[in-house]
Amino acid sequence: MKAFVFPGQGSQYVGMGKDLYSTFKIARTTFEEASDVIGVDLCGVCFEDRFGELTHTINAQPAIVTVSVAALRVISEETEIKADYVAGHSLGEYSALVASEAMDFRDAVWIVRKRGEYMQNAVPLGVGAMSAIIGLQKHEVEKICSEASVNGFIVTPANFNAPGQTVISGNKEAVNRATDLARSNGAKRVIPLDVSAPFHCPLMVPAAEKLGTDLEKIEISRYKIPVVTNVDAKLNTDPARTRGILVDQVKSPVHWYESIKLLYDIGVRKFLEIGPGKTLSGLIKRSIPDPVVLNVENISSLELLRENDF
């Protein structure tokens, strides 16, 4: 069985999607749709980024979803490959919902633009921080975060990405304490992340509440493909649960490793990462034994997909 997986924020880079746009009409249509919905020239942002707008959360989120869906639509037109399951890392869950036909693409672009705005504005610049901890297991990081959350400052796990790789998020003071504790407890590396806000932690509650209001304005349709959700690493096909899941996702950790483990346990052996970068491909290879992993983000990777028996 096969799964399509979609990347989240941080995967963006200048030039992403450009050769797909230049080669395939469906990709051009996708960019035009998205630009029309949010009133932003996403071609300029993605291909040239002359004003440094791609690093802003409010632009990065719709840009990544647009590139991912453009690539997905090209794959659908150019190959016979179909997914049995879909999943996305954080923001990527919206691309997965589009792939499952539970969410309209135009609605997805609109809502992630709002999501990016709310997440960016939830915490004043400089108040929050995130760091990646390499070499400690889930329970060790959870214990460290609990010990570091004192004096009204909090830090919690934000992304369980792979065995031995966890991202933490929260108030800068608590994140700094947690990183010191991680080093003293044997972490191989602790990497401060260059982010504009502390994502996937309780400090995002204001963003989650505003997002919930906007999610009521869009339609969630019947799923064509099951989606593995970030918040609980379980399969969902229930439109009635979707809005609540997406609200919780903003303020809760991303259970990515557990999501990939679930897919493996139900028989998925082939994973296709669709969208900018290869971050998820690397995490999958570190999480389960002997997966077949490919990505599609440009013409050369599309040709590689065609050449392989996927």
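Reading the values: rules and limits
Position numbers for residues count from 1 along each chain, tracking the sequence in the order it is written. It should be noted that, the model being predicted, local features are given only for residues of pLDDT at least 70 and side-chain atom pairs only at 80 or more, the latter also being counted only at that level, while totals for whole chains, interfaces and linings use all residues. Based on all heavy atoms of the structure, the side-chain values leave hydrogens and waters out of the count. Helix and strand definitions follow DSSP, with helices as H or I runs of at least four residues and strands as E runs of at least two, each counted in order from the N terminus. The globule rule used here is 2.2 Å times the number of residues to the 0.38 power, and the radius of gyration it is set against is calculated over C-alpha atoms. Throughout this description, buried means an accessible area under 20% of the type-specific maximum (1.4 Å probe, protein chains only), exposed means over 50%, and partly exposed covers the range between. When charges are counted, Lys and Arg are positive and Asp and Glu negative, with His and the chain ends excluded. Throughout, a charge is located at the NZ atom of Lys, the CZ atom of Arg, the CG atom of Asp or the CD atom of Glu. Strand pairing is defined by DSSP finding a minimum of two bridges between the two strands. Helix axes are fitted to C-alpha atoms over the stretch in contact, other axes to C-alpha atoms as well, and angles between N-to-C directions run from 0 to 180 degrees. The contact rule is simple, with two residues in contact once any of their heavy atoms fall within 4.5 Å. Polar contacts here mean pairs of N or O atoms no more than 3.5 Å apart (in protein, one a potential hydrogen donor and the other a potential acceptor; neighbouring residues in sequence count only if both atoms are side-chain atoms).

Draft legend 1. Broad picture of the overall build of the chain. Secondary structure summary: the chain contains 13 helices and ten strands in total. Against the compact-globule benchmark of 19 Å for 310 residues, the chain has a radius of gyration of 19 Å, which places it among compact chains. When the backbone C-alpha atoms are referred to their principal axes, the chain occupies close to 55 × 45 × 40 Å. Here the chain holds 310 residues, and 55% of them are scored as buried. Of note, the chain has its 33 positive side-chain charges centred 3 Å away from the centre of its 38 negative side-chain charges.

Draft legend 2. Expanded view of the sheet that holds strand β3 (residues 128-134). With respect to topology, four strands assemble into an open sheet ordered β4-β5-β3-β6, the strand pairing being antiparallel. Looking at which strands have only one partner, the edges of the open sheet turn out to be β4 (155-162) and β6 (189-192). Within the sheet, the average angular offset between the axes of one strand and its neighbour, ignoring direction, is 25 degrees. The pairing of β3 with β6 spans four bridges and is classified as antiparallel. Its bridge partner lying in β6, A132 is registered against I191.

Draft legend 3. Spotlight on the sheet that holds strand β7 (residues 227-228). Strand order in the open sheet made by the six strands is β8-β7-β2-β1-β9-β10, with mixed pairing throughout. Strand pairing shows two members of the sheet lacking a second neighbour, β8 (235-236) and β10 (292-296), which therefore form its edges. Of the strand pairs in this sheet, strand β1 (residues 2-6) and strand β2 (residues 85-88) are connected by four bridges, and their pairing is parallel. The partner of A3 across the bridge, within β2, is Y85. Contacting β1, β9 (270-274) and β10, helix α4 (residues 57-78) runs over the sheet at an angle of about 125 degrees to β9.

Draft legend 4. Inspection of the side chain of S281 at higher detail. Locating S281 in the fold gives a position in helix α12 (residues 279-287). A polar contact of 2.6 Å, which involves the side chain of S281, links it to the side chain of E273. Setting aside residues no more than four positions away along its own chain, S281 makes contact with E273, V293, L294 and N295.

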